[in-house]
Protein chains: 2
Amino acid sequence: MNDACIRVDKTLIEQMKQNLPDEQTINRISAIFQALQSDTRLKILFLLSKKEMCVCELDCALDVTQSAISHSLRTLRQLDLVRVKKQGRFAIYYLADEHVKILIDLCNKHVTECSA
Amino acid sequence: MNDACIRVDKTLIEQMKQNLPDEQTINRISAIFQALQSDTRLKILFLLSKKEMCVCELDCALDVTQSAISHSLRTLRQLDLVRVKKQGRFAIYYLADEHVKILIDLCNKHVTECSA
DNA sequence: TTAATATATGAACAAATGTTCATATATTCA
DNA sequence: TGAATATATGAACATTTGTTCATATATTAA
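Structure report, in brief. It should be emphasised that the depicted structure is a prediction, and the values quoted were computed from it without experimental measurement.

What counts and how
- Residues numbered from 1 in each chain as written.
- Chains lettered and ligands numbered in written order.
- Predicted model: local features only at pLDDT ≥ 70, side-chain atom pairs only at ≥ 80, totals over all residues.
- Heavy atoms only, no water.
- Helix = DSSP H or I, 4+ residues; strand = E, 2+ residues; numbered from the N terminus.
- Rg over C-alpha atoms; globule rule 2.2 N^0.38 Å.
- Buried < 20%, exposed > 50% of the residue type's maximum accessible area, 1.4 Å probe, protein only.
- Contact = heavy atoms within 4.5 Å.
- Areas by Shrake-Rupley, 256 points an atom, 1.4 Å probe, with all protein chains shown as cover.
- Lys, Arg positive; Asp, Glu negative; His and termini not counted.
- Charge placed at Lys NZ, Arg CZ, Asp CG, Glu CD.
- Near = heavy atom within 4 Å.
- Polar contact = N/O pair within 3.5 Å; in protein donor to acceptor, adjacent residues only side chain to side chain.
- Pairing = 2+ DSSP bridges.

The subject of this paragraph is the overall build of chain A. Secondary structure assignment for chain A yields six helices and three strands. The C-alpha radius of gyration of chain A comes to 19 Å, more than 25% above the 13 Å expected for a compact globule of 116 residues. Seen through its principal axes, chain A has C-alpha atoms that stretch 65 × 35 × 25 Å. For chain A, with 116 residues in total, the buried portion stands at 47%. Put simply, 48% of the contacts in chain A that link residues at least 6 apart link residues at least 24 apart. Carbon and sulfur atoms form 46% of the exposed surface of chain A, whose accessible area is close to 5,900 Å². If you average the places of the 16 positive and of the 15 negative side-chain charges in chain A, the two averages end up 6 Å apart.

Right, here's the structure in full:
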């Protein structure tokens with residue numbers, strides 16, 4: 001910790017430090033971004049944002065093994081980014097809420113605008 | 001790729017597959033989420049969303065080494081999430097645009113709502 | 001019941017990541 | 001000029017991650 005710099009107002013910095021979200025919140029946020037960082041999981045979310053799908057359908061749409069997809073879905077499920085409903089032997093996945101969709105769209109927009 | 005499942009409409013799936021963002025876009029989006037996945041980088045962005053800061057100030061506010069902060073800033077810079085301006089011997093960092101702030105706020109809201 | 005289908009999970013391994021340490025560069029001040 | 005300050009960078013390391021392979025579980029159909 002550097003506290004020598006003339007620009008540093010220690011009182012202000014201390015206050016800003018206090019105002020950071022608590023560790024638990026930071027951890028949960030980073031966990032979500034961590035989940036959105038994988039190509040496979042991103043594609044799953046893009047697909048689910050169009051329509052709910054069973055694992056078979058995802059398997060058919062993506063170029064990774066069914067096992068990889070199941071693992072990815074578990075991660076997304078644990079963060080409550082997607083949810084499942086069972087229909088007979090099928091597991092139908094869908095987006096947990098609109099937040100996810102907005103997140104992805106925003107990011108998409110950022111990327112598209114920057115490369116334009 | 002499983003194409004046997006009775007739920008799979010191969011034509012539809014193929015079409016959805018075509019509509020996925022291209023690989024380059026997916027990669028850039030995942031790179032951004034990847035950057036937002038680190039506690040240190042998240043905290044930096046939270047701090048910068050309040051006011052622009054030099055490395056000293058960040059160093060003072062965070063509990064990692066100056067080296068770690070510089071490395072983090074480089075990552076954020078390369079993705080155009082933050083920008084620098086030089087002022088004498090100081091490097092002043094600030095958020096590149098509003099997107100980042102919105103992203104973080106959204107995610108914050110998601111986490112807060114879900115744990116409520 | 002048995003076979004087939006749909007999904008989940010554990011182990012293992014390569015690849016990628018974040019941090020620290022040591023050091024380099026750049027700017028200012030004396 | 002030299003010393004001090006501010007920032008950046010490369011190497012190295014432990015840790016984490018995503019995938020595949022093999023296999024387990026669950027549901028349906030015959």
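Among the 29 residues in the neighbourhood of DNA strand D, the closest are listed as Thr 40, Arg 41 and Ser 67 of chain A together with Cys 56 and Ser 67 of chain B. Among atoms of DNA strand D positioned within 4 Å of the protein, sugar and phosphate together represent 67%. A distance of 2.3 Å separates a phosphate oxygen of DNA strand D from a polar side-chain atom of Arg 41 of chain A. One nitrogen or oxygen atom from the side chain of His 71 of chain A is found 3.4 Å from a base oxygen belonging to DNA strand D. At the level of elements, helix 3 (39–50) and helix 5 (66–78) of chain A together with helix 4 (55–61), helix 5 (66–78) and strand 3 (90–95) of chain B are the ones that each hand at least two residues to the surface near DNA strand D.

Moving on, we come to the sheet that holds strand 3 (residues 90–95) of chain A. Residues and elements named next belong to chain A. The strand order across the open sheet built from three strands is 1-3-2, with neighbouring strands paired in antiparallel fashion. Strands with a single pairing partner mark the edges of an open sheet, and in this sheet they are strand 1 (53–54) and strand 2 (82–87). Bridge count between strand 1 and strand 3: two bridges; the pairing is antiparallel. Residue Met 53 lies in a different strand from strand 3, and its bridge partner there is Tyr 93.

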